Amino acid sequence: MLTLRERQINAIKQMLNLNSQQPKALAAEPVWKILIYDRVGQDIISPIISIKELRELGVTLHVQLHSDRDSIPDVPAIYFCLPTDENLDRIQQDFSNGLYDVYHLNFLAPITRSKIENLAAAALHAGCVANIHRVYDQYVNFISLEDDFFVLKHQQSEQLSYYAINRANTRDEEMEALMDSIVDSLFALFVTLGNVPIIRCPRNSAAEMVARKLEKKLRENLWDARANLFHMDATQAGGGVFSFQRPVLLLLDRNMDLATPLHHTWSYQALVHDVLDLGLNLVYVEDETASAGARKKPKACDLDRNDRFWMTHKGSPFPTVAEAIQEELESYRNSEEEIKRLKTSMGIEGESDIAFSLVNDTTARLTNAVNSLPQLMEKKRLIDMHTKIATAILNYIKARRLDSYFEIEEKVMSKQTLDRPLLDLLRDGEFGQAEDKLRLYIIYFICAQQLPDSEQERLKEALQAAGCDLTALAYVQRWKAIMNRSPGISQATQYEGGGTKTVSMFTKLVSQGSSFVMEGVKNLVVKRHNLPVTKITEQVMECRSNAETDDYLYLDPKLLKGGDVLPKNRAPFQDAVVFMVGGGNYIEYQNLVDFIKQKQTSNVQRRIIYGASTLTNARQFLKELSALGGEIQSPSTSSAS
C-alpha cells in the first residue's frame, strides 16, 4: 500500500512526464525538459525528489519563475506554481516574450475561470495559443517531510502561524483567506490519498472553522458528477491509501497544548530541529574542519529516507544515537581493515597448490570487497555526517544543560517533586540560557494547579535577572485563564509526563575511546507516555466515550444532510490523519509514531499521519508568544510583525 509521500511523488513524476503515465520500463532516452517553479512549488519538490532524480526524469534545468530566464526553443517547459496574480502576470510575460515553444502549465491549486480566460486572452494576443499543450490542476499543495508527516507551508510560513491565527487585530477577510488556504491544502491531501475522511474536531475553535469549510468543499465535490475527484474511493477497486475503512481526520487547535512546543526534547530528530533548525529535511552544521583563520561555513546535511541510519535512529534518545554512531564507525573500520589485510595477503610466496588455492580464494574475497567499496564510501560519508551533527548537538547539550532541562520538565509534567527548587535553578547563572529558563518557567506555570502571586513574582524577578524577555507571559496567563474557564479538561491535569531515569554512564562510549566526550551528560531513559494530542487521538480512534471528546463535532461529507453528533455504535477507526491548526512539532510526531507502533497486531494494520499548518521549534514558538504578549501589553501600537 502506497504511503502519502509515495503518492505525492508519483503525482509529481507523472507531471514531469508531461502528464502521461510513466511506462513500466524506462525509455533509454527521456524527453528533455525544463522545470519552472515558484517558491511553493520548490518547497514541495525539494524534500521528495533529489536533483539526481530530476535529471533521470529528463529535467535538465530547474529555475525560479521570477528569475531572469533566457529563451530556450524546442524544449517543453513545465510550470509548477500557484495561480496567483503575480505568477500569472509573469507567465503572460513569458508568452509575449516567446521564451519557449511548448508550455505545460501545472497549477498547485485550481485556477478560477476568470483567471484562465485572462491567460487565454494573453496567449491569443501573444500568438502562442498552439504552443500551450496542457493546463492542469495538480492537487499536491502540501509538503511531505516523512511517509506519515506533512506540513502546509515552509517559506512564508508565518502566514499560517499560531500568531497569525490568534493575533488580536486580524480582520475577518484575512481570517477567511487563512482558513481557506488551510482547507485547500487539506482537500488536496485527501485527493492525493484518494479517500473521503470523517471529520472530528473540538467546538468553538479555529479547528472548527477549518472542519466546517472542509466538509462543505468535500461534499460539493462528491455531489458534482462532472468534477468528482474521489470516484476511485475505497468502495471501488484500486481505492485510496487506506484500507476499505475510511480514515478519521482529527483537527486540533494548537491552543489545547502550549507546553509541548516549548518542551526540551531528548530524541534525535526533535533535537536537530530544536537546536540546529532542521528545515525541509535539510540541516546546516558549521564545518569544524575549516583551517585556522578561515571563516567557518555551514555545511548542508541532507537527512532523507535513503539514509538508513537516520531512518532507524531519528526517534531514538540522543545517548542511544551516540552509541549507534560509534558502533557504525567500528564496523566501518573493520571492513576497511579487511580490505587492507586482503591486499597484503595477495603477495603469497611460492607456487604450491595450497598457495594457489589461497590466492584464488583471496582474489574472490578481494573482488567482493572492492565491489562493496561504493557502499562503504557512502557508509563513511553518512557516519561522518551524523558524527558532525551529533557533535554539534552534544556541544549545545553541554553548554545549555539540555539534559537537565529535559529531566526537570518531565518531572514537572508528571507532578514529581524537583530535586532543587525552581527558584534556585532560575537564579543559577551557569544553568542554561535565558530562553531555556523562560521555556521551563512557562511549562511550570501551565502545569501548576495554583501558583500563589507571591511565588510568581519571585520567579519572574529571577527570570528578569537572568535576562529573559517576559512579554510572552502576558499572553500565556490570559490563555491559561481562558482554558481553565472552558469546559472539558484543566490544563494542569492533562500532562502525565513519562518521568525519566538515569542509567549508568555511557559505558560503550567511554570504553571505546569515542569521539563523543560525554562527561557531565546524563544518560536519560524516558518512560513511554502519551502527550495530550496522542491521548485525544487514541480516544477518537477507539470511539471511546469520554467527557472531552464526546462533545467533538462529527462531520461526514458523504451524508447529504449530515448532523454533527457522533452516531451510536461506531466501529473503531484503523487510520487517522491528525492535523494541528497553528503549528506542530517533531515531539508530537514522534509520540504518535511510538503510540501507533504499540497498537499494531498481526492482523490489524493501523496508521496515523500527522500534519500541521507549519512546523515550529521552541525558539520560533516563543517568538510568536512574545508577539501576542506584546499586543496585550500595548494594544494600541500592536501591528503584525
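Given the structure is predicted, the values throughout are model-derived calculations rather than measurements. (Residues numbered from 1 in each chain as written. Predicted model: local features only at pLDDT ≥ 70, side-chain atom pairs only at ≥ 80, totals over all residues. Heavy atoms only, no water.)

Colleague: I'm lost on the pairing of strand E4 (residues 100–107) in this one. Help?
Modeller: Regular strands show a simple pattern: their side chains alternate between the two faces of the sheet. Counting buried residues in E4 gives seven out of eight residues, a clear majority hidden from the surface. Relative to E4, strand E3 (residues 72–81) runs parallel, the two sharing seven bridges. Looking at the pairing, Cys81 lines up with Phe107 of E4. In the classification by handedness, the crossover that spans E3, the intervening helix H4 (residues 85–97) and the parallel E4 is right-handed. Crossover handedness for the path E4 to helix H5 (residues 113–126) to strand E5 (residues 132–137): right-handed. (Buried < 20%, exposed > 50% of the residue type's maximum accessible area, 1.4 Å probe, protein only. Helix = DSSP H or I, 4+ residues; strand = E, 2+ residues; numbered from the N terminus. Pairing = 2+ DSSP bridges. Right-handed = clockwise from strand over helix to strand, strands pointing away.)

Colleague: What exactly am I supposed to notice about the sheet that holds strand E1 (residues 33–37) here?
Modeller: As summarised here, the arrangement of the five strands in space is E2-E1-E3-E4-E5, forming an open sheet in which the pairing is parallel. The sheet is open, and its two edges are formed by strand E2 (59–64) and E5, each paired on a single side. For this sheet, the mean angle separating the axes of adjacent strands, direction not counted, is 20 degrees. The sheet contact formed by E1 and E3 spans four bridges and is parallel. Its bridge partner being in E3, Ile34 is matched across the sheet by Ala77. In the packing of H4 onto the sheet, the strands contacted are E3, E4 and E5, and the crossing angle to E4 comes to about 165 degrees. (Axes fitted to C-alpha atoms, helices over the stretch in contact; angles between N-to-C directions. Contact = heavy atoms within 4.5 Å.)

Colleague: For this particular structure, what's the right way to read the sheet that holds strand E9 (residues 248–253)?
Modeller: In space, the seven strands of this open sheet follow the order E6-E7-E16-E15-E9-E8-E14, with mixed pairing throughout. Only two strands of the sheet have a single neighbouring strand rather than two, namely strand E6 (143–146) and strand E14 (553–555). For this sheet, the mean inter-axis angle between neighbouring strands, taken without regard to orientation, is 20 degrees. Both strand E8 (residues 198–201) and E14 contribute to a ladder of three bridges, which runs antiparallel.

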